[in-house]
Amino acid sequence: MKLVFFDLEFSNCFSGIGKVCEFGYVMTDENFNVLEEDVFVINPGNDRENRFFIDKNNKIDYSFWYYPIEYYYKQPEFPYFYEKIKNILEGEDVIAFAYSSLNDVFHLESTIKRYDLKSLDYVCFDVQKFTRVLNFENKNPGLGTVANRILKKEAIESKRLHLSKDDAYITMLVFKKLFELSNSKLKDFLDLNKN
């Protein structure tokens, strides 16, 4: 079995359509040994509807994205990466994980539809839902909040939130820690939490 932890970044989500600008992932085996990891930097599209979000002061918060805005626009658009992403997420022996996955799953699908591509067929667990066993006051805590609470500082100090590859890696560490706390087998743990 392969476990794939993935994260997306967007230039914006205007009109409920995610304009993907990063797809980062970490693939591991059942023992959480990293098999591969990468980030695809993606041009969200060059027209105004795909622009990087501008705040109310008509300025872009450049600190939100890891790469310079110009760099994103120099990359290929999503269809170039579609088959690669499909091969990463699909397969009978693949289980995907994302943090607050409804956002990533929904906007990945909206991007696929935007380019008239075929929907992906994959299983995805929401790692945020697993954090409910921690009894946080906030039932939907952010990834940074959970990571800072349950992981050792040195495990994440070199990682940057909102770099999709790093968010995917932190998601993997959070899930691994929650799984270890469960004292169960991985298949049992997933079956118990499949809803």
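Along each chain, numbering runs from 1 in the same order as the chain's sequence is written. Per-residue local features are limited, in this predicted model, to residues with pLDDT of at least 70; the limit for side-chain atom pairs, both in listing and counting, is 80 or more; totals at the level of whole chains, interfaces and linings are taken over all residues. Water and hydrogen atoms were dropped before computing side-chain values, which therefore reflect all heavy atoms in the structure.

Attention now goes to the pattern of salt bridges. Each reported salt bridge corresponds to a side-chain nitrogen of Lys or Arg within 4 Å of a carboxyl oxygen of Asp or Glu. Per the stated rule, a full pass over the model turns up four salt bridges. Between E109 and K113 there is a salt bridge; the shortest N-O distance is 2.8 Å. With E109 and K113 both in helix 3 (residues 101–114) and four residues apart, the pair spans about one turn of that helix. Accessible area is worked out with a 1.4 Å probe on protein chains only. A residue is then buried under 20% of its type maximum, exposed over 50%, and partly exposed in between. On the basis of relative accessible area, E109 is assigned to the partly exposed category, the value being 21%. Accessibility expressed as a relative area gives 52% for K113, which makes it exposed. Residue D126 pairs with K129 through a salt bridge whose shortest N-O separation is 3.7 Å. Judged by relative accessible area, which is 11%, D126 ranks as buried. We classify K129 as partly exposed; its relative accessible area is 38%. Strands are runs of DSSP state E lasting at least 2 residues, helices are runs of H or I lasting at least 4, and numbering of each runs from the N terminus.

Before going further, it helps to examine the nonpolar core. Among buried residues, the Ala, Val, Leu, Ile, Met, Phe, Trp, Tyr and Cys ones that are joined through side-chain atoms within 4.5 Å form a nonpolar core. Grouped together as the largest cluster of nonpolar side chains are 29 residues, with contacts concentrated most on F97, L151, V174, F175 and L190. In terms of residue count, helix 7 (residues 164–182) provides more of this core than any other element does, nine residues in total. Residue contacts for V174: discarding those within four places in its chain leaves V127, T131, L143, V146, A147, I150 and L151. Ranked by size, the runner-up nonpolar core spans 24 residues in total, among them I42, F81, V94 and L120. Residue contacts are defined here by distance: any two heavy atoms, one from each residue, within 4.5 Å place the two residues in contact.

Next up on the list: the environment of E90. Relative to the helices and strands, E90 resides in the loop between helix 2 (79–89) and strand 4 (94–98). Relative accessible area serves as the criterion here: at 19%, E90 is assigned to the buried category. When the C-alpha positions of E90 and Q75 are compared, they lie 24 Å apart, and in sequence the two are 15 residues distant. Setting aside its immediate chain neighbours within four residues, E90 contacts S119, L120 and D121. Counting of polar contacts relies on pairs of N or O atoms within 3.5 Å, with two restrictions inside protein: one atom must be capable of donating a hydrogen and the other of accepting it, and residues adjacent in sequence are counted only when both atoms are side-chain atoms. Within the structure, the side chain of E90 is placed 2.6 Å from the side chain of K86, a separation counted as a polar contact. Here D121 takes part through its backbone nitrogen, which lies 2.7 Å from a polar atom of the side chain of E90.

To summarise the sheet geometry, strands pair through backbone hydrogen bonds and adopt either a parallel or an antiparallel arrangement. The five strands are arranged 3-2-1-4-5 in an open sheet whose pairing can be described as mixed. Pairing within the sheet leaves two strands with one partner each, and these edge strands are strand 3 (34–41) and strand 5 (124–126). Geometrically, the sheet is characterised by an average inter-axis angle of 20° between neighbouring strands, direction not taken into account. Two elements, strand 4 and strand 5, share three bridges in a ladder whose sense is parallel. Note on strand 5: the bridge partner recorded for A98 is D126. Strand pairing follows a simple DSSP-based rule, namely that at least 2 bridges must link the two strands. Axis angles are defined between N-to-C directions and span 0 to 180 degrees, where every axis is a line fitted to C-alpha atoms and, for a helix, only to the segment in contact.

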